[in-house]
Amino acid sequence: MEYLELQLPENVQKIITTLQMYGYEAYAVGGCVRDSLLNRTPGDWDIATSAMPGETKSLFDKTFDTGIEHGTVTVVFGREGYEVTTYRIDGEYTDSRHPREVTFTRSLKEDLLRRDFTINAMAYNDKDGLIDIIGGKEDLQRKCIRCVGNAKERFSEDALRILRGVRFAAQLGFDISEDTKEGMRELAPTLRNISAERIQVELVKMLTSDRPELLKMAWELKITQIFLPEFDRMMETIQETPHHMYNVGEHTLHAMKNVRADKILRLTMLLHDTGKPALKTMDANGVAHFKKHAAESEKIAGRVLKRLKFDNDTLRKVTKLVKYHDYRMEATEKNVRRAMNIIGEELFPYYMEVRRADVLAQSLYKREEKIQNLDEIEELYRKIVALGQCVSLKTLAVNGSDLIAAGMKPGKKIGEKLEELLELVIDDPDMNTKEKLFQYLG
């Protein structure tokens, strides 16, 4: 035990003090203690106690059963809920995820010894200070992810911990101890037992961390083979072309690092070249080509995102950006307006970020002119937005009702005519007035 003062939120303090007042032990535990020691703001605060679930419920006005069978009760203050869990020992794990049964215990030590990593197995309250029986604080200082006890046992209990370990390393900038890595490699196949939704959550957290390139470590440990074999194929595909200096997988890792930590952008960069392995051809000069890879990547990205149970909005945005990630144009106003129409006004700024990240992950060959082209496109884009020029039907000066009022019959022809007028306006923004458009229609 080490006396160390951490800043507990008022309500957490209140819960701990109330439980202590009635003779029970209570501590803040896990991630919130880890983050506090790292001077990071905890996302939530978990409390562990020697009180049984019913005993906890009897001490607070408003509670509800969150996971009562696992000893968790949520204590509510105002709009905030805090999970309070009885110390427990997990029984046998049969599905690589959940214990068949849990046994409640009055011992904090037994509760800490069942946890995943040492840095998540510390407890704290103001009375006793930091309780760290497994060297979690030392591992924090060493920047090391290490399992509590035997790594293979921990991972055979819950396979998701394999992915969580890599995710923590990515988020915290830590290394993973060798025995923990060995356990990950050996137990990686058991990730097949984990639901796609759970894997998705960990993958997104890893990709939107400061070190998305740690996906390479997941590949080295044969983890991606289980849930993202497309990445393994990219890591095995060399790009013999002057435009590239990395294989497809390494290029992908660099491209992810080149965009801000946004879910849509990072997923786009992860999947933008998934079509390359299948479409690679070599010409007589030994130069590789990947013709039409963007369309193939769009299909594969859709399959991956569906398999990992991503929502439809993410699926729509990412697949569209993947489809157009290689859409190139000469920097003219007309070209930029047309691209904004094709890609969509909402996604066009993302498309610009995607293009830039892609170019910066390529070789230095023609890089300056590629970047100059993007700078010019961006400047034109800003000008078009500032002038409020029309690039879609929603800002066209004429709508379907106007055409019907002018004597056109309702039906398919209305849509076709509006598209024709939009094409006209994209070519010449000055045409976007009712008067000029009706004049054109004669």
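Our subject is the structure listed above.
Thresholds applied
- Residues numbered from 1 in each chain as written.
- Predicted model: local features only at pLDDT ≥ 70, side-chain atom pairs only at ≥ 80, totals over all residues.
- Heavy atoms only, no water.
- Helix = DSSP H or I, 4+ residues; strand = E, 2+ residues; numbered from the N terminus.
- Rg over C-alpha atoms; globule rule 2.2 N^0.38 Å.
- Buried < 20%, exposed > 50% of the residue type's maximum accessible area, 1.4 Å probe, protein only.
- Contact = heavy atoms within 4.5 Å.
- Areas by Shrake-Rupley, 256 points an atom, 1.4 Å probe, with all protein chains shown as cover.
- Lys, Arg positive; Asp, Glu negative; His and termini not counted.
- Charge placed at Lys NZ, Arg CZ, Asp CG, Glu CD.
- Salt bridge = Lys/Arg side-chain N within 4 Å of Asp/Glu carboxyl O.
- Axes fitted to C-alpha atoms, helices over the stretch in contact; angles between N-to-C directions.
- Parallel < 35°, antiparallel > 145°, perpendicular 65-115°, else oblique.
- Left-handed = near helix turned anticlockwise from the far one by under 90°.
- Pairing = 2+ DSSP bridges.
- Polar contact = N/O pair within 3.5 Å; in protein donor to acceptor, adjacent residues only side chain to side chain.
- Phe/Tyr/Trp six-rings, centres within 6.5 Å; stacked < 30°, edge-to-face > 60°.
- Core = buried A, V, L, I, M, F, W, Y, C linked by side-chain atoms within 4.5 Å.

A separate point is the overall build of the chain. The secondary structure content of the chain amounts to 23 helices and 13 strands. For 442 residues, the compact-globule formula gives about 22 Å, and the C-alpha radius of gyration of the chain, at 28 Å, lies well above that figure. When burial is assessed residue by residue, the chain has 52% of its 442 residues classed as buried. The long-range share in the chain, meaning contacts at least 24 apart out of those at least 6 apart in sequence, stands at 63%. Split by element, the accessible area of the chain, about 21200 Å² in all, is 48% carbon and sulfur. Measuring between centres, the 67 positive side-chain charges of the chain sit 4 Å from its 72 negative side-chain charges.

This paragraph deals with the pattern of salt bridges. Counting across every chain of the model gives 41 salt bridges. Lys 299 is the salt-bridge partner of Glu 296, the closest N and O atoms lying 3.9 Å from each other. Separated by three residues within a single helix, Glu 296 and Lys 299 lie in helix α16 (residues 293-307), roughly one turn from each other. Since its relative accessible area comes to 54%, Lys 299 is described here as exposed. Salt bridges here are not isolated pairs; linked through shared partners, they connect Glu 153, Arg 154, Glu 157 and Arg 161.

Relative to each other, α16 and helix α17 (residues 312-323) sit at 160°, their axes nearing to 8 Å. With respect to α17, the axis of α16 lies roughly antiparallel. Here the hand of the crossing between α16 and α17 comes out right-handed. Between α16, through Ala 294, Ser 297, Glu 298, Ala 301, Gly 302, Leu 305 and Lys 306, and α17, the contact on the second element is made entirely by Thr 314, Leu 315, Val 318, Thr 319, Val 322 and Lys 323.

With that settled, consider the pairing of strand β5 (residues 80-86). The two faces of the sheet receive side chains in turn, since in a regular strand these alternate between them. Summarising the sheet, strand β2 (residues 46-49) and β5 pair through four bridges and their orientation is parallel. Residue Ala 48 lies in a different strand from β5, and its bridge partner there is Thr 85. Here strand β4 (residues 72-77) runs beside β5; their pairing, made up of six bridges, is antiparallel. Looking at the pairing, Val 75 lines up with Tyr 82 of β5. Between the end of β4 and the start of β5, which pair antiparallel, lie two residues, with Gly 78 showing a positive phi angle near 60°.

Before going further, it helps to examine the side chain of Asp 358. Assignment of secondary structure puts Asp 358 in helix α19 (residues 348-360). Arg 355 provides the closest opposite charge to the buried, unpaired Asp 358, separated from it by 5.7 Å. There is a polar contact of 2.8 Å between the side chain of Asp 358 and the side chain of His 251. Residue contacts for Asp 358: discarding those within four places in its chain leaves His 251, Met 269, His 272 and His 325.

In spatial order, the strands read β3-β4-β5-β2-β1-β8-β9; together these seven strands make up an open sheet with mixed pairing. Of all the strands in the sheet, the pair left with one neighbour each is β3 (63-67) and β9 (129-131). Going across the sheet, the axis of each strand differs from the next one's by a mean of 35°, ignoring polarity. Across two bridges, the pairing between strand β1 (residues 26-29) and strand β8 (residues 123-125) is antiparallel. Looking at the pairing, Ala 28 lines up with Tyr 124 of β8.

Any pair of aromatic rings gets described here by the distance separating the centres and the angle formed by the planes. Going through the model one piece at a time under the given rule, you end up with eight aromatic pairs. Residues Tyr 324 and Tyr 327 carry aromatic rings whose centres are separated by 5.9 Å and whose planes lie at 80° to one another, so their mutual orientation is edge-to-face. With relative accessibility at 15%, the residue Tyr 324 sits in the buried group. The exposure class of Tyr 327 is partly exposed, given its relative accessible area of 24%. Put simply, the rings of Tyr 324, Tyr 327, Phe 348, Tyr 351 and Tyr 381 touch in pairs and so form one group of aromatic residues.

Helical geometry note: an α-helix holds 3.6 residues per turn, so side chains three or four residues apart project in the same direction. Counting buried positions along helix α13 (residues 248-257) gives eight out of 10 residues, so the element sits mostly inside the fold. Where α13 is concerned, the buried positions are Val 248, Gly 249, Glu 250, His 251, Thr 252, Leu 253, Ala 255 and Met 256.

What follows is about the environment of Asp 65. Mapped onto the elements, Asp 65 comes out in strand β3. Look at Asp 65 and you get partly exposed, because its relative accessible area is 40%. Apart from residues lying up to four places away in sequence, Asp 65 is in contact with Lys 57 and Thr 72. Side chain to side chain, Asp 65 and Lys 57 meet in a polar contact 2.8 Å long.

By size, the foremost hydrophobic cluster in this structure holds 103 residues, and its most contacted members are Leu 215, Ile 223, Leu 270, Val 336 and Phe 348. No other element matches the eight residues that helix α7 (residues 160-172) contributes to this core. Leu 270 has contacts with Leu 207, Leu 215, Leu 228, Phe 231, Met 234, Thr 252 and Met 256, leaving out every residue within four places of it along the chain. Among the nonpolar cores identified, the runner-up in size contains 12 residues, and Val 398, Ile 414, Leu 421 and Met 431 belong to it.

The subject of this paragraph is unusual backbone geometry. Of note in the backbone geometry, Lys 292 takes a positive phi value of approximately 60° without being a glycine. If you trace the backbone, Lys 292 turns up in the loop between β13 (288-289) and α16. Judged by relative accessible area, Lys 292 falls into the exposed class, the value being 74%. Even without glycine at this site, Lys 366 takes up a positive phi of about 60°. Counting through the fold element by element, Lys 366 comes out in the loop between α19 and α20 (367-387).

Everything listed is a geometric property; what it means functionally is a separate question.
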